[in-house]
Structures are given as C-alpha cells and as structure tokens.
Amino acid sequence: IQPYDKIAARGLPDSVADSLNKLVVVKLNGGLGTSMGCKGPKSLISVRNENTFLDLTVQQIEVKILIINCSSTKDFTVFF
C-alpha cells in the first residue's frame, strides 16, 4: 500500500493506466429503506452535509459506476 500522493507524483505505467480505464465499480442498489423510515432506496438517505450514501460513493471514486437496481429502486435512482 502506497500513499496516493506518491503514486500520483510518479505516474502510472501505461499498462496500469489502461487497466484502470477499464475499471467499473458495481454498486448493488436493491431494496427500499422502509425499515429506516425512508420512502426510497437506502443509498439516497441523506447522511452528511445533505449528501446521500450515493453522493459519497461517487465523490470517493473516480471510475465508472454501474448501479444495479430492483424494480422498487429504479425510478428513484434514475431521478437522482
């Protein structure tokens, strides 16, 4: 494990950069948060500074994200 600053300063070999360009994060977004008093997916619950769990996920990673929804969460997520 190396600090990001050290890696960023040195740059990545082309083969690693090419691999990272193909990286996708898969996020399961199934199920409603009804037990938590939510009327939509748990990922859309506001948790910090009006950011949702989904906002925080998007902010923390800089790659493509594939969100897998169920029929109950699809419309909420598309609207988001």
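Parameters and conventions
Residues numbered from 1 in each chain as written. Predicted model: local features only at pLDDT ≥ 70, side-chain atom pairs only at ≥ 80, totals over all residues. Heavy atoms only, no water. Helix = DSSP H or I, 4+ residues; strand = E, 2+ residues; numbered from the N terminus. pLDDT = per-residue confidence, 0-100. Buried < 20%, exposed > 50% of the residue type's maximum accessible area, 1.4 Å probe, protein only. Contact = heavy atoms within 4.5 Å.

**Overview of unusual backbone geometry**
So, point 1. In this structure, N49 takes a positive phi of about 50 degrees despite not being glycine.
So, point 2. Locating N49 in the fold gives a position in the loop between β2 (46-48) and β3 (51-52).
So, point 3. Backbone geometry places E50, a non-glycine residue, at a positive phi of 65 degrees.
So, point 4. The topology assignment puts E50 in the loop between β2 and β3.

**Describing the confidence of the model for the chain**
So, point 1. Residues at a pLDDT of 70 or more form 92% of the chain, whose mean pLDDT is 76.
So, point 2. Between the elements of the chain, mean pLDDT differs from a low of 73, seen in helix α1 (residues 4-10), to a high of 88, seen in β3.

**Regarding the environment of N69**
So, point 1. With respect to the helices, strands and loops of the structure, N69 is situated in strand β4 (residues 64-69).
So, point 2. Residue classification places N69 among the partly exposed residues on the basis of a relative accessible area of 28%.
So, point 3. Through-space distance from the C-alpha of N69 to that of N29 is 4.9 Å; in sequence the pair is 40 residues apart.
So, point 4. Residues in contact with N69, not counting those within four places in the same chain, are N29, K74 and T77.

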